[in-house]
Amino acid sequence: MKKIIAVNAGPRKGWNTDQLIKSVARGAEDAGCEIEYVDLFKLEKYTGCISCFGCKQEKTYGKCICRDGLYEVLEKIRNADGLIIGSPNYLGNMTASFRALYERLVFQVLTYNKENPCCNQHKIPVVLIMTSNCSEEMYDAIGYAALLEQYKNTLNTFVGPTEVFVCGDTLQVNDYSKYNWTLFNPESKQKRHDETFEEYLAKAYEIGKNMV
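None of these values were measured; they are calculated from a predicted model. Along each chain, residues carry numbers from 1 onward, in the same order as the chain's sequence is written. Only residues with pLDDT of at least 70 get local features here, since the model is predicted, and only at 80 or more are side-chain atom pairs given and counted; chain-wide, interface and lining totals rely on the full set of residues. No hydrogens and no water enter the side-chain calculation; it runs on all heavy atoms of the structure.

1. So, helix α6 (residues 186-211)
For step 1, the next point in the chain: Secondary structure elements are defined from DSSP: runs of H or I of at least 4 residues count as helices, runs of E of at least 2 residues count as strands, and each element is numbered from the N terminus. A helix is expected to span 1.5 Å for every residue after the first. Given a rise of 1.5 Å per residue, 26 residues ought to cover 38 Å, and the 35 Å separating the end C-alpha atoms of α6 matches this to within 8%.
For step 2, the next point in the chain: Bend is the name given here to the angle between axes fitted to two runs of seven residues, the run ending at a residue and the run starting at it. At T196, α6 shows its maximal kink, close to 45 degrees.
For step 3, the next point in the chain: For the exposure calls, accessible area comes from a 1.4 Å probe over protein chains only, and a residue counts as buried if that area is under 20% of its type's maximum, exposed if over 50%, partly exposed in between. Within the sequence span of α6, burial applies to K189, T196, F197, Y200, L201, A204, I207, G208 and M211.
For step 4, the next point in the chain: It only takes one pair of heavy atoms within 4.5 Å for two residues to be counted as in contact. Along its buried surface, α6 packs onto β1 (3-8), α1 (16-30), β3 (82-88), β4 (126-131) and β5 (162-167).
For step 5, the next point in the chain: By the criterion applied in these results, polar contacts are pairs of N or O atoms within 3.5 Å in which, for protein atoms, one can donate a hydrogen and the other can accept it, and in which residues neighboring in sequence qualify only through two side-chain atoms. Between the side-chain oxygen at the start of α6 and the backbone nitrogen of E187 there is a gap of 3.0 Å, and the oxygen is on N185.

So, in C-alpha cells, the structure goes:
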C-alpha cells in the first residue's frame, strides 16, 4: 500500500488549514493510500537549515543529518509515496514552521552541480495548500500568486510534481466581537465560510483522490 505523509504547518488544530489537509488526505486514503499525519507544532524543538553541509558529504549525501524534531519527519517523507503539506499565510508568507521544513527538505538534495542540480532519486507527488484571510482575487496584486509559483517550481524540481491549492478570505475566529479588528466584516466572513468552505473541502478531497 502506498503511504502519504500529511503535514500541518499551521498552529490551529481543527481550523481551515487543518481541515483542508485532512480532506485531501481522506481522498487519498479512500483511493487506497495509508496516511500518516504530522503536526509541526507538536514536535520537539527544531530549526531551519543550519548550513552544516552534512548532506553534501559522501557518507550522508542527500540526507539531512541534523537530529532535531524534524529529523524523523524528513525520514518519513524520504520513504513516502506522496506529501501533503499545508500552511496559513502569515505576514505574506508561509509559517516559520513550514519554512523550516521546506529549507531542510530542499537543501538536502540540492547539489550545487550545473549538470545535475538535484540528487533526489525518489520524486513523489506533492499537494501544497495555503490558506489566507486575504481574498484569492488579490493574490496577483499583492504577490501571493508569485510566491506560490516559486514554491511550486522549487518543489517540482527537488521533491516532485506539485499541485497548489489555495483557500482565501477565510474565517479566522468564531467570535470577532472579542477583537477590535475593524478591517474585517464579521458577517461577511461568516457568510462566505458558510457558503463556500464545504466546496473547498470537496475540492480538496478530489485532489487527494487524483493524487493517487
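2. Digging into the pattern of salt bridges
For step 1, the next point in the chain: Only one rule defines a salt bridge in this text: a Lys or Arg side-chain nitrogen within 4 Å of an Asp or Glu carboxyl oxygen. Inspection of the entire model under this criterion finds 12 salt bridges.
For step 2, the next point in the chain: The salt bridge partner of D169 is K189, with a shortest N-O separation of 2.8 Å. Of this pair, D169 sits in the loop between β5 and α6 while K189 sits in helix α6; the two residues are 20 residues apart in sequence, bridging distant segments of the chain.
For step 3, the next point in the chain: When its relative accessible area of 25% is taken as the criterion, D169 is described as partly exposed.
For step 4, the next point in the chain: Its relative accessible area of 5% is what places K189 among the buried residues.
For step 5, the next point in the chain: Between D169 and R192 there is a salt bridge whose closest N-O contact spans 3.5 Å. Of this pair, D169 sits in the loop between β5 and α6 while R192 sits in helix α6, and the two are 23 residues apart along the sequence.
For step 6, the next point in the chain: Within the structure, one salt-bridge network assembled from shared partners comprises K3, E34, E36 and K76.

3. With respect to the pairing of strand β2 (residues 34-39)
For step 1, the next point in the chain: Only strands that DSSP links by at least two bridges are regarded as paired with each other. Here β1 pairs with β2 via six bridges, running parallel. Bridging from a neighbouring strand, N8 pairs with D39 of β2.
For step 2, the next point in the chain: A crossover links β1 with its parallel partner β2, the connecting element being α1, and its sense is right-handed. The handedness of a crossover follows from its direction of travel: if, with the strands pointing away from the viewer, the path from the first strand over the helix to the second runs clockwise, the crossover is right-handed.

4. Observations concerning α1
For step 1, the next point in the chain: Counted at 1.5 Å a residue, the expected span for α1 with its 15 residues is 21 Å, and the 21 Å between its end C-alpha atoms agrees.
For step 2, the next point in the chain: Those residues of α1 hidden inside the fold are in contact with β1, β2, β3, β4, β5 and α6.
For step 3, the next point in the chain: Residue G32 follows α1 closely and has a positive phi angle near 110 degrees.

5. Thoughts on the packing of α1 against α6
For step 1, the next point in the chain: Where α1 contacts α6, the axes come no closer than 6 Å and their chain directions differ by 40 degrees. The hand of the α1/α6 crossing is right-handed. Contacts between α1 and α6 involve N16, Q19, L20, S23, V24, R26, G27, A28 and D30 from the former and H193, F197, Y200, L201, A204, Y205, G208 and K209 from the latter. Each axis is a line fitted through C-alpha atoms, and for a helix only the stretch in contact is used; angles between axes span 0 to 180 degrees, taken between their N-to-C directions. Left-handed describes a crossing in which the near helix is turned anticlockwise from the far one by less than a right angle; the clockwise case is right-handed.

6. Things to note about the side chain of N8
For step 1, the next point in the chain: Looking at the secondary structure, you find N8 in strand β1.
For step 2, the next point in the chain: Looking at N8, the relative accessible area reads 5%, which means it is buried.
For step 3, the next point in the chain: Beyond its immediate sequence surroundings of up to four residues, N8 is in contact with T17, D18, I21, V38, D39, L40 and G86.

7. Comments concerning the packing of helix α3 (residues 96-107) against helix α5 (residues 144-158)
For step 1, the next point in the chain: Contact pair α3 / α5: the axes reach a minimum separation of 10 Å and the direction vectors enclose 35 degrees. As for how α3 packs across α5, the hand of that crossing is left-handed. Contact with α3, carried on its side by F98, R99, Y102 and V106, involves Y151, T154, L155 and F158 of α5 and no other residues of that element.
For step 2, the next point in the chain: Looking at the contact of α3 with α5 residue by residue, the classes come out as six nonpolar, one polar and one charged. Under the convention adopted here, Pro, Cys and the residues Ala, Val, Leu, Ile, Met, Phe, Trp and Tyr are nonpolar, Asp, Glu, Lys and Arg are charged, and Gly plus all remaining residues are polar.

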